[in-house]
Amino acid sequence: MDPVTGGDPRNDQAANGPAGGDPVRGAARGAAPVPLSVLDLATVGAGHTASDALRASVAIARTAERRGYHRLWVAEHHSMPGVASSSPAVILAHLAAHTTTIRLGSGGVMLPNHAPLVIAEQFGTLEALAPGRVDLGLGRAPGTDGATAAALRRTDRPHEVADHFPSQLAELIRFLDDDFPDGHPYARIHAVPGPVQGTVPGGVQSANRPPVWLLGSSGFSAQLAGRLGLPFAFAHHFSAANTLPALDLYRSSFRPSETLDEPYALIGVSALAADEEREAHRQVMTGALSMLRLRTGRPGLVPTPEEAEEYERAMGEAEREFVRGWLSNVVYGTAGQVRDGLDALAKRTGADELMLTSQAHGMEARVRSYDLVADAYGLPSPTSS
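Note that this is a predicted model, so its numbers are computed, not measured.

Draft legend 1. Region of the structure containing the overall build of the chain. Within the chain, the secondary structure is distributed over 13 helices and 9 strands. Residues counted as buried form 52% of the 385 residues belonging to the chain. Long-range contacts, defined as pairs at least 24 residues apart, comprise 73% of the intrachain contacts of the chain with a sequence gap of at least 6. Carbon together with sulfur atoms contributes 53% to the accessible area of the chain, which is approximately 16000 Å² in total.

Draft legend 2. Main features of the nonpolar core. Membership of the largest hydrophobic core comes to 82 residues, with the highest contact counts inside it found for Leu 72, Leu 138, Leu 342 and Leu 354. If we ignore the near neighbours within four places in the chain, the residues touching Leu 354 are Val 34, Pro 35, Leu 36, Ser 37, Ile 267, Val 269, Leu 342 and Ala 346. Counting 17 residues, the second largest nonpolar core, distinct from the first, contains Leu 272, Val 284, Met 285 and Val 330.

Draft legend 3. Inspection of the packing of helix 12 (residues 335-349) against helix 13 (residues 363-376) at higher detail. Helix 13 packs onto helix 12 with a crossing angle of 70° between their chain directions and a minimal axis gap of 9 Å. As the angle between them shows, helix 12 and helix 13 are arranged roughly perpendicular. Every residue of helix 13 that contacts helix 12 at Ala 335, Val 338, Arg 339 and Leu 342 is listed here: Leu 372, Val 373 and Ala 376. Of the residues belonging to the contact of helix 12 with helix 13, the class tally is 6 nonpolar, no polar and 1 charged.

Draft legend 4. Expanded view of the packing of aromatic side chains. In the structure shown here, the tally under the stated rule is 9 aromatic pairs. Consider the rings of Tyr 69 and Tyr 370, whose centres lie 5.8 Å apart with planes at 80°: the pair is edge-to-face. On the criterion of sequence distance, the pair formed by Tyr 69 in the loop between helix 1 (50-66) and strand 2 (71-74) and Tyr 370 in helix 13 is long-range, its members being 301 residues apart. With relative accessibility at 4%, the residue Tyr 69 sits in the buried group. Under the relative-accessibility criterion, Tyr 370 is labelled buried at 2%. Here the aromatic rings of Phe 232 and Tyr 250 are separated by 5.3 Å at their centres, their planes lie at 35°, and the arrangement is tilted. In this pair, Phe 232 is assigned in strand 6 (residues 232-234) and Tyr 250 in helix 8 (residues 243-253), connecting sequence segments 18 residues apart. Aromatic rings pair up to connect Phe 232, Phe 234, Tyr 250 and Phe 254 into one cluster. Its end group placed over the ring of Phe 220, Arg 140 keeps NZ or CZ at 3.9 Å from the ring centre.

Draft legend 5. View of helix 9 (residues 277-295). Along its 19 residues, helix 9 runs 27 Å from first to last C-alpha, staying within 8% of the 27 Å computed at 1.5 Å per residue. Residue Gly 297 follows helix 9 closely and has a positive phi angle near 75°.

Draft legend 6. Region of interest: helix 2 (residues 88-97). Here helix 2 has its buried residues at Pro 88, Ala 89, Ile 91, Leu 92, Leu 95 and Ala 96. Projection of helix 2 onto a plane perpendicular to its axis shows the buried side chains occupying an angular sector of 160°, all on one side. Helix 2 presents Val 90 and Ala 97 as exposed residues on the side facing more than 90 degrees away from its buried surface. The inward-facing, buried residues of helix 2 contact helix 1, strand 2, strand 3 (103-110) and helix 3 (116-129).

Draft legend 7. Representation of the packing of helix 2 against helix 3. Where helix 2 meets helix 3, the axes come as close as 10 Å, and the angle between the chain directions of the two elements is 5°. Relative to helix 3, the element helix 2 lies roughly parallel. In this structure, helix 2 uses Ala 89, Leu 92 and Ala 93 to contact helix 3, whose residues at the interface are Gln 122, Phe 123, Leu 126 and Leu 129. In the contact of helix 2 with helix 3, the residues fall into 6 nonpolar, 1 polar and no charged.

Draft legend 8. Just the side chain of Ser 270, in detail. Inspection of the secondary structure puts Ser 270 in strand 7 (residues 265-273). Residue classification places Ser 270 among the buried positions, given a relative accessible area of 3%. A distance of 3.5 Å separates the side chain of Ser 270 from the side chain of Gln 359, its partner in a polar contact. With near-sequence residues (within four places) excluded, Ser 270 lies in contact with His 237, Asn 329, Val 330, Val 331, Thr 357 and Gln 359.

Draft legend 9. Up close: the confidence of the model for the chain. Model confidence for the chain is summarised by a mean pLDDT of 90, while 90% of its residues fall at 70 or above. Overall, residues 1-20 carries pLDDT values under 50, and its contacts beyond four positions in sequence, including any with other chains, amount to 54 contacts.

Draft legend 10. Region of the structure containing the side chain of His 78. For His 78, the position within the fold is in the loop between strand 2 and helix 2. Taking the relative accessible area as the measure of exposure, His 78 reaches 11% and is therefore buried. Reaching out from His 78, the side chain makes a polar contact with the side chain of Glu 76 at a distance of 2.6 Å.

Draft legend 11. Representation of the environment of Ala 344. With respect to the helices and strands, the residue Ala 344 is situated in helix 12. Judged by its relative accessible area of 44%, Ala 344 is partly exposed. Between the C-alpha atoms of Ala 344 and Pro 33, which are 311 residues apart in sequence, the distance is 9.8 Å.

Draft legend 12. View of the pattern of salt bridges. The tally for this structure, following the rule as stated, stands at 21 salt bridges. Between Arg 103 and Asp 135 there is a salt bridge, with its nearest N and O atoms 2.8 Å apart. Of the two residues, Arg 103 sits in strand 3 while Asp 135 sits in strand 4 (residues 134-139), which places them 32 residues apart along the sequence. Here the two residues Arg 103 and Asp 135 agree in accessibility, since each one is buried. The residue Arg 282 makes a salt bridge to Glu 306 at a minimum N-O spacing of 3.0 Å. With Arg 282 in helix 9 and Glu 306 in helix 10 (residues 305-313), the pair connects residues that are 24 residues apart, well separated along the chain. A single network of salt bridges, built from pairs that share partners, joins Arg 278, Glu 279, Arg 282, Glu 306 and Glu 309.

The rules behind the values
Residues numbered from 1 in each chain as written. Predicted model: local features only at pLDDT ≥ 70, side-chain atom pairs only at ≥ 80, totals over all residues. Heavy atoms only, no water. Helix = DSSP H or I, 4+ residues; strand = E, 2+ residues; numbered from the N terminus. Buried < 20%, exposed > 50% of the residue type's maximum accessible area, 1.4 Å probe, protein only. Contact = heavy atoms within 4.5 Å. Areas by Shrake-Rupley, 256 points an atom, 1.4 Å probe, with all protein chains shown as cover. Core = buried A, V, L, I, M, F, W, Y, C linked by side-chain atoms within 4.5 Å. Axes fitted to C-alpha atoms, helices over the stretch in contact; angles between N-to-C directions. Parallel < 35°, antiparallel > 145°, perpendicular 65-115°, else oblique. Nonpolar A, V, L, I, M, F, W, Y, C, P; charged D, E, K, R; others polar. Phe/Tyr/Trp six-rings, centres within 6.5 Å; stacked < 30°, edge-to-face > 60°. Lys NZ or Arg CZ within 6 Å of the ring centre and 35° of its normal. Expected span 1.5 Å × (residues − 1). Arc of directions from axis to C-beta. Polar contact = N/O pair within 3.5 Å; in protein donor to acceptor, adjacent residues only side chain to side chain. pLDDT = per-residue confidence, 0-100. Salt bridge = Lys/Arg side-chain N within 4 Å of Asp/Glu carboxyl O.

Written out as structure tokens, the structure is:
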């Protein structure tokens, strides 16, 4: 068994698409320059409930699967009224029940918020529910503010916990592989479901386990992922200034491993396509206003396009400058404009995969965006077998 991915390439090859069962690498489809994937934040719009947001996540996952996107990830956030993804493992279990082939994963689980054994158990359970389809993306940020991080981590020094990320990661991988050495305090502790079930008398449990990814918005995880030979995901959608330096650091730090013989990096991209350019602007302004409010200590639900338009007309210069900066890193417009923007971004960064996140108030605009991007690249149509 591969000590890092734990993957059996024969397992559910359909789930991994044309890459021949590779648990990490995707394959570009249609005219796309690289594999296309989806990051869903389970955003809650004004006038909607968390239940509505999670139903939208199911609709987006089904659309992504039907249209040939490679994977769909959900991210861990806390204490944010407009984001319902505080528990990625729960959401992923629900999405696994409503899909059959698309890869599903965390983008990411914030490891310092949790005991490594708990994450190994949760993602071992997900692997049992959706064999060969689960990714475990890990981050070291809290996914929230400092006070909430302290509540999650049961400490008044939450940032010190993040400093232990490399050792937490090593412990988690040991639990996933069930390979603590003899004499280790955890040698007799097993994450279940997991490999131990295949080693006991009568055991037939698959030794498969999700591939581990490291996520980041700066250089720390980029360098760590490179040194460990793990795949890396960079948050270009909210840290665009650091994208090229982080990718360069990942590639220059990379050491071949049993997981990868060469670097594999995806980047998260905020992208939204609409039938008309003006409508695309109306929709992305809802995300821009949400971020403006979050950054100024006023988090709330995602506003409607009408509310965002009204607010935009009354903005002060400092707010306008923030919004201009934010939108400069969003790829939006008609399907053709978004395709051109994504092509240019893939070429500029050399990313091996683009993971699109569409920020808009309602489900319909986001689903429509993923359909339009798929159409622009000639991905499978909804009626394709």
